[in-house]
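Here is how the chains run, residue by residue.
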Amino acid sequence: MGVGQDDEATSCRDAYERGGFVLDPESIRDTFQRVFREYVDMLEAVHEKAPHAKVITVGHPTLIVGRHHL
């Protein structure tokens, strides 16, 4: 399955960049932008409630798990 196949198969990269029926309609680029906005909103909310708090980020957000198995 992938580039150069006779059927309509596509590579995972193409699918994630475009979104589509096989995957979530939200492209990976849109997912990153949404998660970034949500993260900034969360940090602003923390700062509003506790302006002198020191925030430490550990790990990274889960972006793809729970979508579709490829």
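Owing to the predicted nature of the structure, the values given are computational and were not obtained by experimental measurement. (Residues numbered from 1 in each chain as written. Predicted model: local features only at pLDDT ≥ 70, side-chain atom pairs only at ≥ 80, totals over all residues. Heavy atoms only, no water.)

**Comments concerning the overall build of the protein chain**
Here is step 1: When you go through the protein chain residue by residue, the secondary structure sums to two helices and zero strands.
Here is step 2: The buried share of the protein chain, reckoned over its 70 residues, is 17%.
Here is step 3: Pairs at least 24 apart in sequence give 46% of the contacts found in the protein chain among residues at least 6 apart.
Here is step 4: Working note: accessible area of the protein chain is about 6,200 Å², and carbon and sulfur atoms make up 57% of it. (Helix = DSSP H or I, 4+ residues; strand = E, 2+ residues; numbered from the N terminus. Buried < 20%, exposed > 50% of the residue type's maximum accessible area, 1.4 Å probe, protein only. Contact = heavy atoms within 4.5 Å. Areas by Shrake-Rupley, 256 points an atom, 1.4 Å probe, with all protein chains shown as cover.)

**Concerning helix α2 (residues 28-49)**
Here is step 1: Between its first and last C-alpha atoms α2 spans 32 Å; for 22 residues at 1.5 Å apiece the expected length is 32 Å, and the two agree.
Here is step 2: Along α2, the positions that sit buried rather than exposed are I28, T31 and V35. Seen along its axis, α2 keeps its buried residues to an arc of 50°; they face one direction. Looking at α2, the residues exposed on the side facing more than 90 degrees away from the buried face are R29, F36 and E48. (Expected span 1.5 Å × (residues − 1). Arc of directions from axis to C-beta.)

**Describing the layout of surface pockets**
Here is step 1: Quantified by volume, the second largest pocket comes out at close to 150 Å³.
Here is step 2: Contributing to the lining of the second largest pocket are F32, V35, F36, E38, Y39, T57, V58, G59, H60 and P61.
Here is step 3: A class-by-class count of the residues in the lining of the second largest pocket yields six nonpolar, three polar and one charged. (1 Å grid on protein atoms, 1.4 Å probe; cavity = no way out; pocket = protein on both sides within 12 Å on 5 of 7 lines; lining within 4 Å. Points joined across faces, edges and corners; volume = space filled by probe spheres on them. Nonpolar A, V, L, I, M, F, W, Y, C, P; charged D, E, K, R; others polar.)

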